[in-house]
Amino acid sequence: MHRHMGHLHHEPDPAQYASLGRLDVVMVPVDGGFTIDRPSLSAMLKRLRSSLVLPMHWFSPSNLEAFLEDMNEDFVIQRTLASEVTVSLRTLPSEPTILVLGTNYLRDPR
């Protein structure tokens, strides 16, 4: 199962964690304050221990790097130049991994 946590503004309570169940892939905002603060995000991800975490909404390299620093003891950090990833149950990492995708900026076609 996967979840997009883009509009999450707080760490889930015990009942919410129970309803989430096991999440194999999680997309999380790492902006550090517009959505969920970094300490709450870190606690949530450590509790979920999802196989694959995809950071999003980082808006600046410093936000992304601060998030990765918070998580590097509990998750494998991988980076790729690819701007997309395809996963299946067979290809999920064997240990909790944060995968930083490459950016693929939209260009004005004019």
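Residues numbered from 1 in each chain as written. Predicted model: local features only at pLDDT ≥ 70, side-chain atom pairs only at ≥ 80, totals over all residues. Heavy atoms only, no water.

## Re the pattern of salt bridges
Between side chains of opposite charge, a pair can form when the charged atoms approach closely.
Move 1: Counted according to the given criterion, the structure contains four salt bridges.
Move 2: The partner of D24 in a salt bridge is R22, with the nearest N and O atoms 3.6 Å apart.
Move 3: Judged by relative accessible area, D24 falls into the buried class, the value being 15%.
Move 4: In this structure R22 comes out as partly exposed when scored by relative accessible area, which is 44%.
Move 5: Ionic pairing is found between K46 and D74, a salt bridge with its closest N-O pair at 3.3 Å. Of this pair, K46 sits in helix α2 (residues 38-48) while D74 sits in the loop between α3 (61-71) and β4 (76-79), and the two are 28 residues apart along the sequence.
Move 6: Classification of K46 as partly exposed rests on a relative accessible area of 33%.
Move 7: Judged by its relative accessible area of 34%, D74 falls in the partly exposed class. (Salt bridge = Lys/Arg side-chain N within 4 Å of Asp/Glu carboxyl O. Buried < 20%, exposed > 50% of the residue type's maximum accessible area, 1.4 Å probe, protein only. Helix = DSSP H or I, 4+ residues; strand = E, 2+ residues; numbered from the N terminus.)

## Structural notes on the layout of surface pockets
Move 1: Taken as a whole, the largest pocket encloses approximately 200 Å³ of empty space.
Move 2: Taken together, 12 residues make up the lining of the largest pocket; nearest its centre are W58, S83, L101, G102 and T103.
Move 3: Ranked by residue count, the leading element in the lining of the largest pocket is strand β3 (residues 52-56), at three residues.
Move 4: Residues that form the lining of the largest pocket fall into these classes: eight nonpolar, four polar and no charged. (1 Å grid on protein atoms, 1.4 Å probe; cavity = no way out; pocket = protein on both sides within 12 Å on 5 of 7 lines; lining within 4 Å. Points joined across faces, edges and corners; volume = space filled by probe spheres on them. Nonpolar A, V, L, I, M, F, W, Y, C, P; charged D, E, K, R; others polar.)

## Section: α2
Move 1: When we look at burial in α2, the residues that qualify are S40, L41, S42, M44, L45 and L48.
Move 2: If you follow the buried residues of α2, they end up packed against α1 (14-20), β2 (25-29), β3 and α3.
Move 3: One side-chain oxygen of the residue at the start of α2 lies 2.9 Å from the amide nitrogen of S40, identifying that residue as D37.
Move 4: Backbone geometry just downstream of α2 places R49 in the positive-phi region, at approximately 45°. (Contact = heavy atoms within 4.5 Å. Polar contact = N/O pair within 3.5 Å; in protein donor to acceptor, adjacent residues only side chain to side chain.)

## Side note on unusual backbone geometry
Move 1: The backbone of R49 sits at a positive phi, close to 45°, despite the residue not being glycine.
Move 2: Secondary-structure assignment places R49 in the loop between α2 and β3.
Move 3: Judged by relative accessible area, which is 43%, R49 ranks as partly exposed.
Move 4: Here the phi dihedral of H57 falls at roughly 55°; this positive angle occurs in a residue that is not glycine.

## With respect to the pairing of β2
Move 1: In terms of residue burial, β2 counts as a mostly covered element, since four of its five residues are buried.
Move 2: Taken together, the five bridges between β2 and β3 define a ladder with parallel strand orientation. Directly across from M27, in β3, lies its bridge partner L54. (Pairing = 2+ DSSP bridges.)

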